[in-house]
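Structural features, examined
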Amino acid sequence: MSTMAVPDVAVAQVDEGFWTRTRKIGAVLLALGVVATVVFGALATDQQARFTLSETDGGAALEIDGTIGAILFGVIAAASGVALLTGVPKRWLTTLLGVGIVAFVLSFLCWQVSAAPEGRNFMPMVNMVRGTFILALPLIFGALAGVLCERSGVVNVAIEGQLLMGAFSGALFGSLSGSVWVGLVAAAIGGAFISLLLAVFAIRYLVDQVVMGIVLNLLAVGVTGFLYERLMQTDAQKYNSAPRFGTWEIPLLSDIPVLGPALFRSNLFLYLGLLLVLVIHIALFRTRWGLRTRAVGEHPTAADTLGVKVLRVRYRNVLLAGVVAGIGGASYTLALYSFTKNMIGGKGFIALAALIFGRWSPTGALLAALFFGFADQLGTYLGAIGSGIPSQFLAMLPYLATMLAVAGLVGRVRAPAADGKPYIKG
């Protein structure tokens, strides 16, 4: 197996004409920078926009005059766009794009925080970071499930159903047993059940994988909704009162400013999610299992000729993906909420977008999930400080960020070559 080479990146394509992708992104960034400088700068006030390094308005803080900050960061965003318009080398695209987006967001925050009512014109960074990770958790688990499936050549549109079945199973069996660990195991089995159906129909019976994923999502919504009405609504104390995982504090690390309280005073799911990102990344790119998985996802015929059991690898990885997604669903019902009908609310599809945005990489998927989680947390924060932006628009933020990221920022990406293609052994 050591002789098998698997391509892992897309073949570069040459842009033609003046309006290359880099220049188009530069033009958009320039426009955003101008909007930030003019509009946000005009709407901001001369109050100090305070970004506290704690969970309250006390203690150390980064402060800047609202108007000055909005204009300054708007200019930085515009400058990043100008740099891209001049045709800088492509290796600078990601850096300048990141700088431009961060500057635009900071300009927006300087406006919003400085214009907030007295006593609320601060942003607690600990709460923002903690909220970002908590809201990103199901996306992280869901995107990892997508990585495991699609690196093996199976499209996983059923992430929504896997998360939902995991959340329901965790709540139901956790409540019946009175044990969070029983609930966690049940959630993993619930997610694996949806994956088993996906594997059997997509791999054994060659059903269209996208269609099968949508059907399984509808199945999960129907089954969990029916049982919720028949069991949980009629006797919530017995069937929908699962115990919760408590906060686990890691000594020393929890004392790190901002990141410490946000990341190292949390529940099991956050630690497990970050650990899985590391483990799956190492396994995918540094082990024989990872080499075989990528080979099956790229060129299953070649892998078969070298002795790899293609169908076995696909079955195993799809089931493993269901276990991961099921645990992600349990992060709702065993840590935060009681189960409600269709409580995942489209997060599985955002996880699928995070997978694509992250270019089918565990670490890329993590960063994309955090981006979407931040958009969600930002909407919550703006609502809490009484922002003048309509609440309906704030609720749209994570979904709007998803569309903009996938449609405008992903660019040319290539899925594994055999993704979604059934393998029929000759």
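Residues numbered from 1 in each chain as written. Predicted model: local features only at pLDDT ≥ 70, side-chain atom pairs only at ≥ 80, totals over all residues. Heavy atoms only, no water.

Considering the overall build of the protein chain
Rules: In DSSP terms, a helix is any run of H or I states spanning at least four residues, a strand is any run of E spanning at least two, and both are numbered starting from the N terminus. All radius of gyration figures rest on C-alpha atoms, and the globule criterion is 2.2 Å times the number of residues raised to 0.38. To sort residues, take the accessible area from a 1.4 Å probe on protein chains only and compare it with the maximum for the residue type: under 20% means buried, over 50% means exposed, and anything in between is partly exposed. Here, two residues are considered to be in contact whenever any of their heavy atoms come within 4.5 Å of each other. The Shrake-Rupley method, run with a 1.4 Å probe sphere, supplies the accessible areas, and residue values consider only the shown protein chains as cover. Counted as positive: Lys and Arg. Counted as negative: Asp and Glu, with His and the chain ends omitted from the count. Positions of charges follow a simple convention, taking NZ of Lys, CZ of Arg, CG of Asp or CD of Glu.
Looking only at helices and strands, the protein chain has 16 helices and five strands in total. Against the compact-globule benchmark of 22 Å for 426 residues, the protein chain has a radius of gyration of 23 Å, which places it among compact chains. Expressed as lengths along the three principal axes of its C-alpha atoms, the size of the protein chain is roughly 70 × 60 × 40 Å. Relative to its 426 residues, the protein chain shows a buried fraction of 51%. Long-range contacts, defined here as pairs at least 24 residues apart, represent 77% of the contacts in the protein chain between residues at least 6 apart. When the accessible surface of the protein chain is totalled, it reaches about 19000 Å², and 68% of it is carbon and sulfur. Charged side chains of the protein chain number 29 positive and 20 negative; the gap between the two group centres comes to 13 Å.

Description of the pairing of strand E1 (residues 48-52)
The side chains of a regular strand alternate, residue by residue, between the two faces of the sheet. How we decide: Two strands pair if DSSP finds at least two bridges between them.
Within E1, four of the five residues are buried, which leaves the element mostly enclosed by the surrounding structure. Pairing between E1 and strand E2 (residues 61-65): five bridges, direction antiparallel. The residue of E2 that forms the bridge with alanine 49 is isoleucine 64. In terms of strand pairing, E1 meets strand E3 (residues 122-124) through three bridges, oriented parallel. By the bridge assignment, threonine 52 is partnered in E3 with proline 124.

A closer look at a positive patch on the surface
Basically, it comes down to this: Any residue with relative accessible area above 30% and no salt bridge may belong to a patch, with like charges joined within 9 Å and the nonpolar Val, Leu, Ile, Met, Phe, Trp and Tyr side chains within 5 Å. Whenever a carboxyl oxygen of Asp or Glu lies within 4 Å of a side-chain nitrogen of Lys or Arg, that contact is scored as a salt bridge.
The grouping of Lys309, Arg312, Arg316 and Lys425 at the surface amounts to a positive patch. Along the chain, arginine 316 falls in helix H13 (residues 310-333). The class of arginine 316 is partly exposed, set by a relative accessible area of 41%.

Observations concerning the environment of lysine 341
We count it as follows: Any pair of N or O atoms that falls within 3.5 Å is considered a polar contact. Within protein, one atom must be able to donate a hydrogen and the other to accept it, and sequence-neighbouring residues count only if both atoms are side-chain atoms.
Along the chain, lysine 341 falls in the loop between H13 and helix H14 (347-357). Look at lysine 341 and you get partly exposed, because its relative accessible area is 43%. As a C-alpha pair, lysine 341 and valine 221 span 120 residues in sequence and 7.6 Å in three-dimensional space. Discounting residues that sit within four places of it in the chain, lysine 341 has contacts with Gly225, Tyr228 and Glu229. Reaching out from lysine 341, the side chain makes a polar contact with the side chain of glutamate 229 at a distance of 2.8 Å.

Structural notes on the side chain of threonine 333
Relative to the helices and strands, threonine 333 is located in helix H13. For threonine 333, a relative accessible area of 1% corresponds to the buried category. A distance of 2.8 Å separates a polar atom in the side chain of threonine 333 from the backbone oxygen of alanine 167. Excluding residues within four positions of it along the chain, threonine 333 makes contact with Ala167, Gly170, Ala171, Ala242, Arg244, Ser338, Phe339 and Met343.

Looking at the packing of aromatic side chains
To keep it simple, the criterion reads: Only the six-membered ring of Trp is used, alongside the rings of Phe and Tyr, when aromatic pairs are assigned; centres must lie within 6.5 Å, and planes under 30 degrees apart are stacked while those over 60 apart are edge-to-face, with the rest tilted.
Scanning all chains against the criterion turns up 13 aromatic pairs. When the ring of phenylalanine 357 is compared with that of phenylalanine 372, the centres are 6.1 Å apart and the planes differ by 40°; the resulting orientation is tilted. Here phenylalanine 372 lies in helix H15 (residues 362-384) and phenylalanine 357 lies in helix H14, a separation of 15 residues in the sequence. For phenylalanine 357, a relative accessible area of 21% gives the class partly exposed.

Some details on the nonpolar core
How we decide: The criterion is simple. A nonpolar core is a set of buried Ala, Val, Leu, Ile, Met, Phe, Trp, Tyr and Cys residues joined through side-chain atoms within 4.5 Å.
Core analysis: the biggest nonpolar cluster contains 81 residues, and Leu184, Met232, Phe269, Phe339 and Phe372 have the highest contact counts within it. In terms of residue count, the dominant contributor to this core is helix H4 (residues 125-150) (14 residues). In this structure phenylalanine 339 touches Leu164, Ala167, Phe168, Ala171, Thr224, Tyr228, Met232, Asn240 and Thr333, once residues within four positions along its chain are discounted.

Considerations on helix H11 (residues 288-298)
An α-helical turn contains 3.6 residues, so a residue and the one three or four places further along point in the same direction. Within H11, eight of the 11 residues are buried, leaving the element largely enclosed by the surrounding structure. Along H11, the positions that sit buried rather than exposed are Gly290, Leu291, Thr293, Arg294, Ala295, Val296, Gly297 and Glu298. Tucked into the core, H11 has its buried residues touching helix H10 (268-286), helix H12 (300-305) and H13.

Some words on the sheet that holds E3
Inclusion rule: To obtain each axis, a line is fitted to C-alpha atoms, and for helices this fit is confined to the stretch in contact; angles are then taken between N-to-C directions over 0 to 180 degrees.
Reading across from one edge, E2-E1-E3 is the order of the three strands in this open sheet, with mixed pairing throughout. Only two strands of the sheet have a single partner each, and these edge strands are E2 and E3. Strand-to-strand, the axes of this sheet are offset by a mean angle of 15°, without reference to chain direction. Each of E1 and E3 touches H4; the most contacted strand, E3, lies at about 50° to it.

Digging into a nonpolar patch on the surface
On the surface, a nonpolar cluster with roughly 380 Å² of combined accessible area is contributed by Val34, Val35, Val38, Val39 and Leu43. Note that valine 39 resides in helix H1 (residues 21-43). Overall, the relative accessible area of 37% leaves valine 39 in the partly exposed class.

Points about the packing of helix H5 (residues 159-177) against helix H7 (residues 209-232)
How we decide: Throughout, the term roughly parallel applies to angles under 35 degrees, roughly antiparallel to angles over 145, roughly perpendicular to angles from 65 to 115, and oblique to all others. The hand of a helix crossing depends on one turn: near helix anticlockwise from the far one by less than a right angle means left-handed, and clockwise means right-handed. Here the term charged refers only to Asp, Glu, Lys and Arg, the term nonpolar to Ala, Val, Leu, Ile, Met, Phe, Trp, Tyr, Cys and Pro, and the term polar to all other amino acids, Gly among them.
Packing of H5 against H7 leaves a shortest axis separation of 8 Å and a crossing angle of 20°. When the axes of H5 and H7 are compared, the pair comes out roughly parallel. In this structure, H5 crosses over H7, and the sense of that crossing is left-handed. Along the contact surface, H5 presents Ile159, Glu160, Gly161, Leu164, Met165, Phe168, Ala171 and Leu172, while H7 presents Asn217, Ala220, Val221, Val223, Thr224, Leu227, Tyr228, Leu231 and Met232. Across the contact of H5 with H7, the residue classes tally to 13 nonpolar, three polar and one charged.

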